[in-house]
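# Architecture at a glance
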Amino acid sequence: YTPYQAEISQGRLEALLNFQTVITELTGLELANASLLDEATAASEAMILMYNSRSRKAIKENVNVLFVDKNIFPQTLEVLEGKAEPLGIQIETGSYKKFELHDKVFGAILQYPGNDGEIHDYSSFTENAHENEVLVSAAADLMSLVLLTPPGEWGADIVFGSSQRFGIPMGYGGPHAAFFATKESFKRKLPGRIIGVAKDVHGNRALR
């Protein structure tokens with residue numbers, strides 16, 4: 001992954017650090033990685049992160065239901081279903097306005113804006129979810145976040161999506177590299193690479 005020439009490797013890491021910074025600012029969350037493969041697989045990573053973040057009590061009681069709003073992109077739902085089956089996760093779909101959060105739900109995924117282009121205010125749903133110990137992920141359109149309220153501000157725990165909207169080149173990940181941002185508290189569970197700032201042996205700023 002890292003070119004051998006130190007100057008080139010530091011330059012590439014700086015580009016990725018800038019990418020992470022833009023993502024944290026647009027999503028309103030504290031931590032972003034240096035891209036995943038695409039939006040659909042990033043959704044499955046969000047599902048797994050939420051699943052692995054269940055409390056001991058929830059694990060003991062086999063809390064294994066993921067709610068996915070019906071307004072999600074169809075290809076994302078297909079990947080979620082494929083990844084959920086071997087993990088023993090059950091997916092329930094429906095309208096976020098009508099869905100009753102029950103005691104078997106560990107997480108929810110919402111599309112922002114939706115597959116039909118509609119923009120909804122999910123803040124009350126998210127608040128209700130958190131009261132029931134349910135984590136919330138938002139699949140977001142990166143370009144729309146320039147104008148819309150960042151999901152982190154209305155309570156989303158994870159925000160992911162495709163960076164293709166910004167013309168991110170292929171070298172950053174897959175054909176349409178995904179972005180993935182979350183809260184500081186999930187830093188040990190964050191998938192993919194994270195570019196950080198450190199000091200080298202001479203005390204100079206170094207990226208790694």
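Scoring rules and cut-offs
- Residues numbered from 1 in each chain as written.
- Predicted model: local features only at pLDDT ≥ 70, side-chain atom pairs only at ≥ 80, totals over all residues.
- Heavy atoms only, no water.
- Core = buried A, V, L, I, M, F, W, Y, C linked by side-chain atoms within 4.5 Å.
- Buried < 20%, exposed > 50% of the residue type's maximum accessible area, 1.4 Å probe, protein only.
- Helix = DSSP H or I, 4+ residues; strand = E, 2+ residues; numbered from the N terminus.
- Contact = heavy atoms within 4.5 Å.

For the rest of this paragraph, the subject is the nonpolar core. In this structure, L110 and F125 are the most contacted members of the largest nonpolar core, which totals 29 residues. Broken down by element, this core gets its largest block of residues, four residues, from strand β4 (residues 105–112). With residues up to four places along the chain from it excluded, the contact list for L110 reads F67, D69, Y96, Y122, F125, V136, S137, A138, A139 and W154. Membership of the second largest hydrophobic core comes to 28 residues, among which are A43, M47, Y51 and V63.

For the rest of this paragraph, the subject is unusual backbone geometry. Here the bond from Y112 into P113 is cis, since omega is -10 degrees, no more than 30 degrees from zero. As for its placement among the helices and strands, P113 is situated in the loop between β4 and α5 (123–131). Positive phi is not limited to glycine here, since N62 has a value of about 50 degrees. As for its position among the elements, N62 is in the loop between α3 (56–60) and β2 (65–69).

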